[in-house]
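# Descriptive structure summary
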Amino acid sequence: MSDTLTHARSEQLFAEARRRIPGGVNSPVRAFSSVGGAPVFYERAAGSRVTDVDGNEYVDFIGSWGPMILGHRPAAVLDAVRAQLDRGLSFGAPCEAEVRLAERVCELVPCAEKARMVSSGTEAVMSAVRLARGFTGRSLIIKFEGCYHGHSDALLASAGSGVAAFGIPGTPGVTPGAARDTLVAPYNDLVAVERLIDAHEGQVACVIVEPVAGNMGVVAPDPGFLEGLRATCAREGALLIFDEVISGFRAALGGAQERYGIVPDLCALGKIVGGGFPVGCLAGRAEVMDALSPAGPVYQAGTLSGNPVAMVAGLATLEELARPGVYDELERLGARLEAGLARAIERSGFPATVNRVGSLATLFFSPDPVRDYAGASACDAAAFARYFAGMLERGFLIAPSRFEALFLSLAHTDDEIDDFAAAAAEVLAAL
Ligand SMILES: *Cc1c(COP(=O)(O)O)cnc(C)c1O
């Protein structure tokens, strides 16, 4: 924890939280376990800034782990939510906003002919995998080391994000049966995927991948990787699922599938699609989606699915993102951050490297390029912890784990990005 900022109130709240909430947090990635200290408790946020309960202000590079791509509390979203508050909070019955959001998703996302709203990214992925199994009549799934797909049983094997940060090889509570049906390949390794598929011919229901990996730090797909997965799945009769919970509406308006021009059978969306409310969405080919209950036999449901407040927030967010120039601006901000960090590395002489895709970037404490989980996990954890503390002290909030992205928003200014890079140069030089 920082020497110059006071965090007395955060520390007090964390002590109280630990008495009633396991580990004091409602999601493990929020804990500062891998960097040390008590997590910062936020009080309010606006634009690119957050203020903690001790009155410290930070430039925020977490953005709620992705949803706040417009910045915090964007006026258009607040207006839409306020108007909905006067009409109702939850109906548990169809409403117009969910039709409009499904239509919008299908207009914007290349693979989406139909969409189903759920309440989290975890649920979207879990439902997509069940749908793939139900549709193909096969059991096995292939995932990639270091990709995170939420916390459902079948997908926790070799997962990124918090699972990686806490160094958990698997997790108690997942039965051998659930784990046995999940096959794991290294990211960017097409040969390994083909080997798995050949060894289990006719049994693989789907290959699920983050088309831009964001949960082992940011790792771009190598040229040919997504194309290869597309071709292999088509040949084998397995469905290709893109987990675009981070990359959806971020890598491009239509997600990574638009950016790289590869169309999966199904995709999972989350984070941005809810505009700051708990929303996930699975979308894809109509023929597959129509296997979902009640159109088809694969059961899937949710009391709060299509919640009207969340739907209008998501719709307003997508409207803002569809304005001309938005993704050029996000790309420009990302490039500025990448260049600043590259200069910081060069000036400090510290062995590190930057990966970036659009408005997502990660500073890896490794001299070598990082293109898979083995590379990401070879990075210096102690150096990351000192970097994290140094940045916090200088007023910059980044995720408290070396396996995460820096999330840029439209609210970040050039000055904030330059200041961030200058602070990083100072911190790296002192490592
Ligand atoms: C965040 C995330 C999830 C899980 O979403 P939740 O809303 O946290 O359940 C799934 N996949 C990816 C790629 C994610 O980044």
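Provided above is the structure to which this section pertains.
Residues numbered from 1 in each chain as written. Predicted model: local features only at pLDDT ≥ 70, side-chain atom pairs only at ≥ 80, totals over all residues. Heavy atoms only, no water.

### Observations regarding the overall build of the chain
Each helix and strand in the chain was counted, giving 15 helices and 14 strands. Taken against the 2.2 N^0.38 rule, which gives 22 Å for 431 residues, the C-alpha radius of gyration of the chain at 21 Å falls within 12% of a compact globule. Judged by the C-alpha coordinates and their principal axes, the chain covers about 60 × 55 × 45 Å. The buried share of the chain, reckoned over its 431 residues, is 56%. Look at the contacts in the chain between residues 6 or more apart in sequence, and 73% of them connect residues 24 or more apart. Of the roughly 17200 Å² of accessible surface on the chain, 52% is carried by carbon and sulfur atoms. In the chain, the 36 positive side-chain charges and the 51 negative ones have mean positions that sit 3 Å from each other. (Helix = DSSP H or I, 4+ residues; strand = E, 2+ residues; numbered from the N terminus. Rg over C-alpha atoms; globule rule 2.2 N^0.38 Å. Buried < 20%, exposed > 50% of the residue type's maximum accessible area, 1.4 Å probe, protein only. Contact = heavy atoms within 4.5 Å. Areas by Shrake-Rupley, 256 points an atom, 1.4 Å probe, with all protein chains shown as cover. Lys, Arg positive; Asp, Glu negative; His and termini not counted. Charge placed at Lys NZ, Arg CZ, Asp CG, Glu CD.)

### Describing the site of the ligand
Taken together, Ser-120, Gly-121, Thr-122, Tyr-148, His-149, Gly-150, Glu-210, Asn-215, Asp-243, Val-245, Ile-246 and Lys-271 are the residues near the ligand. A distance of 2.9 Å is found between an oxygen atom of the ligand and a backbone nitrogen or oxygen belonging to Gly-121. Note that a nitrogen atom of the ligand is positioned 3.2 Å from one of the backbone N or O atoms of Tyr-148. With the chains in place, 83% of the 380 Å² that the ligand exposes on its own is no longer accessible. (Near = heavy atom within 4 Å. Polar contact = N/O pair within 3.5 Å; in protein donor to acceptor, adjacent residues only side chain to side chain.)

### A few points about empty space enclosed by the protein
Inspection of every chain in the model, using the stated rule, returns four cavities of 30 Å³ or more. Lining of the largest cavity is provided by Thr-362, Leu-363, Phe-384, Tyr-387, Ile-398, Ala-399, Ser-401, Arg-402, Phe-403, Glu-404, Ala-405 and Leu-406. (1 Å grid on protein atoms, 1.4 Å probe; cavity = no way out; pocket = protein on both sides within 12 Å on 5 of 7 lines; lining within 4 Å. Points joined across faces, edges and corners; volume = space filled by probe spheres on them.)

### A few points about the packing of helix α2 (residues 75–85) against helix α11 (residues 308–321)
One way to put it is that α2 packs onto α11 with a least axis distance of 8 Å and a crossing angle of 155°. Of the possible angle classes, the one that applies to α2 and α11 is roughly antiparallel. Between α2 and α11 the crossing geometry is right-handed. Note on element contacts: α11 touches α2 through Pro-308, Val-309, Val-312, Ala-313, Ala-316, Thr-317 and Glu-320, opposite Ala-76, Val-77, Ala-80, Val-81, Gln-84 and Leu-85. Looking at the contact of α2 with α11, its residues break down into 10 nonpolar, two polar and one charged. (Axes fitted to C-alpha atoms, helices over the stretch in contact; angles between N-to-C directions. Parallel < 35°, antiparallel > 145°, perpendicular 65-115°, else oblique. Left-handed = near helix turned anticlockwise from the far one by under 90°. Nonpolar A, V, L, I, M, F, W, Y, C, P; charged D, E, K, R; others polar.)

### A closer look at the side chain of Ser-152
Here Ser-152 lies in the loop between β5 (140–144) and α5 (161–165). Assessed through its relative accessible area of 10%, Ser-152 is described here as buried.

### Topic: the sheet that holds strand β2 (residues 49–52)
Strand order in this open sheet of four strands is β1-β2-β3-β13, and the pairing throughout is mixed. Two strands bound the open sheet, and with one partner strand each, they are β1 (42–46) and β13 (396–397). Here strand β3 (residues 57–60) runs beside β13; their pairing, made up of two bridges, is parallel. Counted as the bridge partner of Val-59 is Phe-396 from β13. (Pairing = 2+ DSSP bridges.)

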